[in-house]
Amino acid sequence: MIPFNAPPVVGTELGFMQTAMGSGKLCGDGSFTHRCQQWMESQFGSARVLLTPSCTASLEMAAILLDIQPGDEVIMPSYTFVSTANAFVLRGATIVFVDIRPDTMNIDETLIEAAITPQTRAIVPVHYAGVACEMDHIMALAKKYDLMVVEDAAQGVMSTYKGRALGTIGHIGCYSFHETKNYTAGGEGGATLINHPALIDRAEIIREKGTNRSQFFRGQVDKYTWRDIGSSYLMADLQAAYLWGQLAAAQLINQRRLSLWHRYRDALTYGEEEGRLALPRIPADCVQNAHMFYLKLRDLDDRSAFINHMKDADILTVFHYIPLHDCPAGQRFGRFHGQDTYTSAESARLVRLPLFYNMTDAQQTRVIDAVKRYLA
Ligand SMILES: *Cc1c(COP(=O)(O)O)cnc(C)c1O
């Protein structure tokens, strides 16, 4: 059986975890946490990177940090993971969903302005498949209407837009280190990128249960006290040690994923030329991280038949994201602004092929051959 995903393993993780275990400190903000955070700050160019338990936690931190209140509106695509919306709903916000572009499956930037109301507080672009949203357009709108931008860059670690790392362009960015993403912190993990320096102090307080313990550890205050609302948004250092093994090999992981991605595309381009399916598009301004390789088949029936065909060949392929506006909670906490021209129709056609760091060439050959048999 070829799985859809396997957690990436480089081989150095266990050694780093043993070092962490010998250090006498396994809780958050240990030496591996600092190493990972500093590496990301210098590699990606964010003012402050904070490791968290998950991208879900990072999005929740962002919503608290922006003081999202009941009655506020937050604009995002409906084609995304539930946490993108839930983080803001937890603060009482109403979600305003906007349609996606069929080429990248990202929010259609040209439809955002019409969805802005006096209640709008934030825009949350989701960089689907690690391919950037049109950030120049989105940041210009944020400036014009005085809105905050939180990038859901869960899938975008090591991707860029016009040379800038995803997650560093908005006021806040959120990464995921879940085992299904390109880099993992031993199964679960995330990071909050604070790109707007004025938000750094409060971000550290929110992450430390509402206390200024981070300042205390740096010797900036002689005791720490309860300052604000907050929660425990720290990653255990044992997990950061696993993550360090992956970040230290980030180029290796990225290159392997890209080579798998390009091999899929080269092998299946004929299907697109014959009008049988559609393949992912990477706009000229975007450098991607091969987070995902997907096909878009004719419709839901075609996709179901494809998934069954692949399963018969012992290959797992998956789809995801039932559009949020169609879900019971989406109807309760949100509304769709404008027409759903592409969100529902395109999401019903899309299927993801297996793509993971430790996938072998032989496994990929089997997947490609099975896809070709389906198309024939
Ligand atoms: C995976 C993912 C998340 C959630 O990440 P966790 O680390 O599992 O909390 C959020 N948004 C998007 C777009 C994702 O792909």
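Here the structure is a predicted model, which means the values were calculated and not measured.

**Notes on the UniProt feature "active site" (unreviewed entry) in the protein chain**
Using the residue numbers shown here, the UniProt feature "active site" (unreviewed entry) corresponds to Lys-181. Those residues in contact with Lys-181 that sit more than four places away from it in its chain are Pro-8, Ala-154, Gln-155, Ser-176, Arg-257 and His-291.

**A look at the packing of aromatic side chains**
One pass over the structure, following the stated rule, counts 13 aromatic pairs. Ring plane angle 65° and centroid distance 5.8 Å describe the contact between Phe-16 and Phe-32, whose orientation is recorded as edge-to-face. Of the two residues, Phe-16 sits in helix H1 (residues 13-22) while Phe-32 sits in helix H2 (residues 31-45), which places them 16 residues apart along the sequence. Of the residues examined, Phe-32 reaches a relative accessible area of 1% and is grouped as buried.

**Notes on empty space enclosed by the protein**
A water-sized probe rolled over the atoms picks out the places where empty space is left. The full count for this structure, using the stated rule, is four cavities of 30 Å³ or more. The space that makes up the largest cavity amounts to roughly 80 Å³. Lining of the largest cavity is provided by Phe-4, Asn-5, Thr-180, Arg-257, His-291, Met-292, Phe-293, Arg-352, Leu-353, Pro-354 and Leu-355. Residues of the lining of the largest cavity, tallied by class, amount to six nonpolar, three polar and two charged.

**Things to note about the site of the ligand**
Around the ligand sit 15 residues in total, of which Thr-56, Asp-152, Gln-155, Ser-176 and Lys-181 are the nearest. Within the side chain of Asp-152, a nitrogen or oxygen atom sits 2.8 Å from a nitrogen atom of the ligand. Here Gln-155 contributes a side-chain N or O atom positioned 2.8 Å from an oxygen atom of the ligand. Contact with the protein chains covers 93% of the free accessible surface of the ligand, which is 380 Å². Of the residues belonging to the shell around the ligand, the class tally is five nonpolar, eight polar and two charged.

So, how was this worked out
- Residues numbered from 1 in each chain as written.
- Predicted model: local features only at pLDDT ≥ 70, side-chain atom pairs only at ≥ 80, totals over all residues.
- Heavy atoms only, no water.
- UniProt positions renumbered as here; feature names shortened; annotations may be inferred.
- Contact = heavy atoms within 4.5 Å.
- Phe/Tyr/Trp six-rings, centres within 6.5 Å; stacked < 30°, edge-to-face > 60°.
- Helix = DSSP H or I, 4+ residues; strand = E, 2+ residues; numbered from the N terminus.
- Buried < 20%, exposed > 50% of the residue type's maximum accessible area, 1.4 Å probe, protein only.
- 1 Å grid on protein atoms, 1.4 Å probe; cavity = no way out; pocket = protein on both sides within 12 Å on 5 of 7 lines; lining within 4 Å.
- Points joined across faces, edges and corners; volume = space filled by probe spheres on them.
- Nonpolar A, V, L, I, M, F, W, Y, C, P; charged D, E, K, R; others polar.
- Near = heavy atom within 4 Å.
- Polar contact = N/O pair within 3.5 Å; in protein donor to acceptor, adjacent residues only side chain to side chain.
- Areas by Shrake-Rupley, 256 points an atom, 1.4 Å probe, with all protein chains shown as cover.

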